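# Commentary on secondary and tertiary structure
So the chains spell out like this:
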Amino acid sequence: MKNTDILNNQEKYERGRIKHHRMVLLARTLILAGFLLLWEGLVRMGYVDSFFFSSPSQVMLCFIGMIKDFSFFTNTGITLLETIASFLLVLAISLLTATLLWHSPKCSEILEPYLVVLNSLPKSALAPLFIVWLGTGINTIIVAGISVAVFGSVINLYTGFRQVDNEKIKLIYTLGGSKRDAFCKVVLPGSVPTILSNMKVNIGLALVGVIIGEFLAARRGLGYLIIYGSQVFKLNMVITSILILCAIAMGLYQLIQMLEHFCSDKF
């Protein structure tokens, strides 16, 4: 095959991939626009009660009001800060713990049942204990965010470490390498896809944990606005806060997906 034919095929492939992404983006936009139009239309025709379900126009007015009185920036910033702090701590704790478990098979054999049990616990049941132990404030909320994600993250990372090609590890040992060399040169690089996939899950779980914490122990944040709005029947505020949470979750997920694409090119 000539070089020109290869280049032409590559150009066709790139054009096809770009066209595919554009079609996916267009389909997503149309679905969202159709849902919003249907929602607004049902409210205006009286089939849906706007008091209970609000409407896109009322949500937009509420959002504009939140921007004008700066409550959007204050509450969204607090929730975002707590979520990022919880996520980074989950990543650090789970990587360190999974590394220790991989390094000591005996330790992992002893602790694995406890990790499974702790991961199975309903984390909302632990939140009142966190309030008693830590009081109300940002520390309690961050710990609540960590508790939702950390145990499952440790289990997934440890499982990923164990699934790395054992023949490569044996080769390191044969060449005189230590267990540290095997981990740094084989296990950790080979587990990058698992780590990134785990991060995509954990960012959502950290946000869920933070909101649970804000429900119980906050005076600021989107979780607090949801609870406050439901108590005083300001359902426009509740739905607006929920939609802001959806936007935050989508944005954080996209950032990690960009990191995943970057790492896939490097590795």
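Read on for an overview of the structure. Once a new chain begins, its residue numbering starts again from 1 and follows that chain's sequence as written. Where totals are concerned, whole chains, interfaces and linings use all residues; where local detail is concerned, this predicted model gives features only for residues with pLDDT of at least 70, and gives and counts side-chain atom pairs only at 80 or more. Hydrogen atoms and water are omitted, and side-chain values are computed over all heavy atoms in the structure.

### Side note on the overall build of the protein chain
- We count a stretch as a helix when DSSP gives it H or I for four or more residues in a row; a strand needs E for two or more, and each element gets its number in order from the N terminus. Helix and strand content of the protein chain: 12 helices and zero strands.
- Based on C-alpha atoms, the radius of gyration is set beside the globule rule, defined as 2.2 Å times the residue count to the power 0.38. For 267 residues, the compact-globule estimate of 2.2 N^0.38 gives 18 Å, and the C-alpha radius of gyration of the protein chain, at 24 Å, exceeds that figure by more than 25%.
- Overall, the protein chain is about 75 × 65 × 30 Å in size when its C-alpha atoms are taken along their principal axes.
- Buried residues are those whose accessible area, probed at 1.4 Å on protein chains only, stays under 20% of the maximum for their type, while exposed residues exceed 50% and partly exposed ones sit between those limits. The burial tally for the protein chain puts 34% of its 267 residues in the buried class.
- Each accessible area value is a Shrake-Rupley result obtained with a 1.4 Å probe; residue values ignore everything except the protein chains displayed when judging cover. Carbon and sulfur atoms form 68% of the exposed surface of the protein chain, whose accessible area is close to 16700 Å².

### Overview of the pattern of salt bridges
- By definition, a salt bridge exists where a carboxyl oxygen of Asp or Glu is found within 4 Å of a side-chain nitrogen of Lys or Arg. Scanning the entire structure with this criterion turns up one salt bridge.
- Note that arginine 44 and glutamate 40 form a salt bridge whose closest N and O atoms lie 2.7 Å from each other. With arginine 44 and glutamate 40 both in helix H1 (residues 3-44) and four residues apart, this pair spans about one turn of that helix.

### A closer look at the packing of aromatic side chains
- Only rings of Phe, Tyr and Trp enter the pairing, Trp through its six-membered ring, and a pair is recorded when the two centres are within 6.5 Å. The plane angle decides the type: under 30 degrees is stacked, over 60 is edge-to-face, the rest tilted. Per the counting criterion, the structure on display carries eight aromatic pairs.
- For the ring pair phenylalanine 63 and phenylalanine 72, a centre distance of 5.1 Å and an interplane angle of 80 degrees mean the geometry is edge-to-face.
- Under the relative-accessibility criterion, phenylalanine 63 is labelled partly exposed at 25%.
- In textbook terms, an aromatic cluster arises when at least three aromatic residues are bridged by ring pairs, as seen for Phe63, Phe70, Phe72 and Phe73.

### Some remarks on the packing of helix H6 (residues 127-134) against helix H10 (residues 192-217)
- As a rule, the C-alpha atoms of each element are fitted with a line to give its axis, helices using only the stretch in contact, and angles between N-to-C directions run from 0 to 180 degrees. Where H6 contacts H10, the two axes come as close as 10 Å, and the packing angle between them is 60 degrees. Compared by their axis directions, H6 and H10 come out oblique. Handedness of the H6/H10 crossing: right-handed. Contacts from Ala127, Pro128 and Ile131 of H6 reach H10 at Ile212, Leu216 and Ala217.
- Partitioned by chemical class, the residues of the contact of H6 with H10 number six nonpolar, no polar and no charged. Any angle that falls under 35 degrees is termed roughly parallel, while one over 145 is termed roughly antiparallel, one within 65 to 115 roughly perpendicular, and all others oblique. By definition, turning the near helix anticlockwise from the far helix through less than a right angle yields a left-handed crossing, and turning it clockwise yields a right-handed one. Only heavy atoms enter the contact rule, under which two residues are in contact if any of them lie within 4.5 Å. Gly is put with the polar residues, along with every residue not named as nonpolar or charged; the nonpolar set is Ala, Val, Leu, Ile, Met, Phe, Trp, Tyr, Cys and Pro, and the charged set is Asp, Glu, Lys and Arg.

### Here we look at a nonpolar patch on the surface
- Patch building starts from residues that exceed 30% relative accessible area and form no salt bridge, then joins like charges within 9 Å and nonpolar side chains (Val, Leu, Ile, Met, Phe, Trp, Tyr) within 5 Å. Together, Phe51, Phe52, Phe53 and Phe233 give the surface a local cluster of nonpolar side chains, amounting to about 470 Å² of exposed area.
- In this fold, phenylalanine 52 is placed in helix H2 (residues 50-53).

### Topic: the side chain of asparagine 202
- Here asparagine 202 is to be found in helix H10.
- In this structure, asparagine 202 is in contact with Phe87, Val90, Ala149 and Ser153, ignoring residues within four places of it in sequence.

### With respect to the layout of surface pockets
- Put simply, the largest pocket is a space of about 990 Å³.
- Leu25, Arg28, Leu32, Met250 and Gln254 are, among the 25 residues lining the largest pocket, the residues nearest its centre.
- Per element, the largest residue contribution to the lining of the largest pocket is 11 residues, and it comes from H1.
- There is about 160 Å³ of room inside the second largest pocket.
- The pocket and cavity definitions rest on a 1 Å grid over protein atoms only: a 1.4 Å probe that fits but cannot leave marks a cavity, an open set with protein on both sides within 12 Å along at least five of seven lines marks a pocket, and residues lining either have an atom within 4 Å of a point. Every residue lining the second largest pocket is listed: Ile78, Glu82, Thr136, Gly137, Ile138, Ile141, Ala217, Ala218, Arg219 and Arg220.
- Classifying every residue of the lining of the second largest pocket gives five nonpolar, two polar and three charged. Grid points are joined across faces, edges and corners, and a volume is the space filled by probe spheres set on the points.

### Overview of the environment of leucine 42
- Residue placement: leucine 42 occurs in helix H1.
- The exposure class assigned to leucine 42 is partly exposed, which follows from its relative accessible area of 27%.
- Separated by 17 residues in the primary sequence, leucine 42 and valine 59 place their C-alpha atoms 15 Å from one another.
- Once residues lying within four places of it in the same chain are set aside, the contact partners of leucine 42 are Tyr47 and Val48.

### As for the side chain of serine 94
- Mapped onto the elements of the fold, serine 94 is located in helix H4 (residues 71-103).
- Looking at serine 94, its side chain comes within polar contact range of the main-chain oxygen of leucine 91, at 3.1 Å.
- The contact partners of serine 94, leaving out residues within four places of it in the chain, are Val150, Ser153, Val154 and Leu157. Counting of polar contacts relies on pairs of N or O atoms within 3.5 Å, with two restrictions inside protein: one atom must be capable of donating a hydrogen and the other of accepting it, and residues adjacent in sequence are counted only when both atoms are side-chain atoms.

Read these as geometric descriptors, not functional statements.
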